[in-house]
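Listed below, chain by chain, are the residues.
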Amino acid sequence: MSEVSMLIHGTRFHFWTGVKISLNIDAVASISFSAPFDYNAPGFKKNFAPFGFAPVSIDVDDSRLFTGTMLDVSPVISEDGKKEISVNAYAKCGVLQDCTAPPESMPLEFNKLNLLDIAKKMASYFGVGVVFNADPGPAFDRVACDPDKKVLEFLADLAKQRAFVIGSDENGDLLFSKSSIGGIVARLEQGFSPLLSVSPDFNPQEYYSHLTGLSPVEVNKPAKKSTVKAKKSAKDEKPAGAGVGSAEIKKETKKESKSKAEKKKTPTTYKKFTAIDEAPVYRPLVFKIDDAEGATDVETATKAKLARMLGNMCTYSISVATWFDADGNLWKPNTKLKLKAPDAMIYDFFEFDIKSVELSKDESSEIANLTLCLPGSFTGEPPEIFPWEM
């Protein structure tokens, strides 16, 4: 079993009885643990003071896995009289999801800055670092943060437009991620160790056959139109049929007379993106995109919306009897595995993205619970086939 070390206020804490570590590609990391409730023990009152926001970190086999801040500390008394303290904590950057920027920073406006520059500025107010695993993309023309908007919410809105998701790294800093380009870290099959269970979760109401992003442009400016058309059957005016396929991209720029443009209060630049070509049902969704300068930005934001759709419409929860993948590394989000589980409608080996990892440990066992999502859930590029179609 792994050696797990916990530090509170920088000092090794030996007396925890169980721990869960949750790592996510699109959410800040968190932990929960329990320990005997003994207020006479040295350091107990300092470590577990309500509203103390004590710093806590976890190492696994001498490698840092989590750096964060305590939140909930609650005494628990069981029916048999056993007394414990129950603790929850989130990554150091979790404060950004709770707080707005400080009042002295107002007004917060950013002109011609990219996502990395904006994120560094916002995170600096809290002593939090920022890490990107890919190029941050082009600068935004102009964005502003409302005074009452939480910092992480503001950054997440911008990240969506550049096809990033936000999580946290082992040091508790903000981690902006795109999908992993690494190889397969494991190959698991129903009925064989270390796979314990597989459970699918299908959400049909999260599925759309066609996504269209709309972005406003200024009045009296040339109207830009960028459209991706799905293939149509000869007998049906609506996009038809199953699978994920090619699409025709058509871009055009059209100038309007001044008088006509003045009559339109909200001219739009838009990208029409067909998420799933030849879909079995017709379920369109139109949404607005702010701060997009042209068709390229609109396409990026629309693909990001498609990615979130793929991530929400279908996930699989699996349990494995080890904290480590086939290469001997700790399970991590934003990696890939292959899975075959006919009882969960995965009829042959299918490649999934690992969206989140929960590592659980007590005195007698170590278990990893992984949430898997469809490939393309973080890139906006749909798979050619779904696991239930194999």
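Residues numbered from 1 in each chain as written. Predicted model: local features only at pLDDT ≥ 70, side-chain atom pairs only at ≥ 80, totals over all residues. Heavy atoms only, no water.

Novice: What is the right way to read the overall build of the protein from this model?
Specialist: A count of helices and strands for the protein gives six helices and 23 strands. Within the protein, contacts between residues at least 6 apart in sequence are counted, and of these 70% link residues at least 24 apart. Only carbon and sulfur atoms are counted for the fraction: they give 50% of the accessible area of the protein, which is about 19900 Å². (Helix = DSSP H or I, 4+ residues; strand = E, 2+ residues; numbered from the N terminus. Contact = heavy atoms within 4.5 Å. Areas by Shrake-Rupley, 256 points an atom, 1.4 Å probe, with all protein chains shown as cover.)

Novice: Just checking my understanding: could you explain the packing of helix α3 (residues 115–124) against helix α4 (residues 151–161) for this structure?
Specialist: Interaxial distance between α3 and α4 falls to 11 Å at its minimum, and their mutual angle equals 175°. Regarding the angle of α3 to α4, the classification is roughly antiparallel. Only V151, F154, L155, L158 and A159 of α4 make contact with α3, whose side of the interface consists of L115, I118, A119 and M122. Here the contact of α3 with α4 is composed, by residue class, of nine nonpolar, no polar and no charged. (Axes fitted to C-alpha atoms, helices over the stretch in contact; angles between N-to-C directions. Parallel < 35°, antiparallel > 145°, perpendicular 65-115°, else oblique. Nonpolar A, V, L, I, M, F, W, Y, C, P; charged D, E, K, R; others polar.)

Novice: I tried to follow the nonpolar core on my own but got confused; where do I start?
Specialist: The tendency in soluble globular proteins is for nonpolar side chains to be buried as a group. With 90 residues, the main nonpolar core has F33, F48, M122, L155, F176, W331 and L337 as its most contacted residues. Dropping the residues within four chain positions of it, F48 is found in contact with I8, F13, F33, M70, V73, I85 and V87. (Core = buried A, V, L, I, M, F, W, Y, C linked by side-chain atoms within 4.5 Å. Buried < 20%, exposed > 50% of the residue type's maximum accessible area, 1.4 Å probe, protein only.)

Novice: For this particular structure, what's the right way to read the state of the cysteines?
Specialist: Disulfide: a covalent bond formed between the sulfur atoms of two cysteine residues. Taken as a whole, this structure holds zero disulfides when the rule is applied. Not part of a disulfide, C373 finds its nearest cysteine sulfur in C314, a span of 9.0 Å. Judged by relative accessible area, C373 falls into the buried class, the value being 0%. (Disulfide = S-S within 2.5 Å.)

Novice: Is there a simple way to think about the pattern of salt bridges in this case?
Specialist: If charged atoms from side chains of opposite charge come close, those side chains can pair. Under the defined criterion, the tally for this structure stands at ten salt bridges. Close ionic contact of D26 with K355 constitutes a salt bridge, the shortest N to O distance being 3.8 Å. You can see D26 sitting in the loop between β3 (18–24) and β4 (30–36) and its partner K355 sitting in strand β22 (residues 346–361), a full 329 residues away along the chain. Among the residues examined, D26 registers a relative accessible area of 35% and is labelled partly exposed. Overall, K355 belongs to the buried group, its relative accessible area being 17%. (Salt bridge = Lys/Arg side-chain N within 4 Å of Asp/Glu carboxyl O.)

Novice: Could you clarify how one ought to interpret unusual backbone geometry in this entry?
Specialist: Glycine aside, the phi torsion of most residues is negative, and most peptide linkages are trans. Looking along the chain, the bond that leaves M106 and enters P107 is cis, with omega of -5°. Here P107 shows up in the loop between α2 (95–98) and β8 (108–113). Residue P194 is bonded to the preceding S193 through a cis peptide linkage, with omega at 10°. With respect to the helices and strands, the residue P194 is situated in the loop between β13 (184–189) and β14 (195–202). Not every positive phi belongs to a glycine, and H9 is a case in point at roughly 55°. Position of H9 among the secondary structure elements: in the loop between β1 (4–8) and β2 (11–13). Residue class for H9 comes out partly exposed when judged on its relative accessible area of 32%.

Novice: Honestly, a nonpolar patch on the surface in this entry has me stumped. Any pointers?
Specialist: A contiguous nonpolar surface patch, about 420 Å² in accessible area, is contributed by F202, M345, Y347, I385 and M390. Among the secondary structure elements, M390 is positioned in the segment after β23 (366–373). On the basis of relative accessibility, which here comes to 38%, the residue M390 falls in the partly exposed class. (Patch = residues over 30% accessible without salt bridge, like charges linked within 9 Å, V, L, I, M, F, W, Y side chains within 5 Å.)

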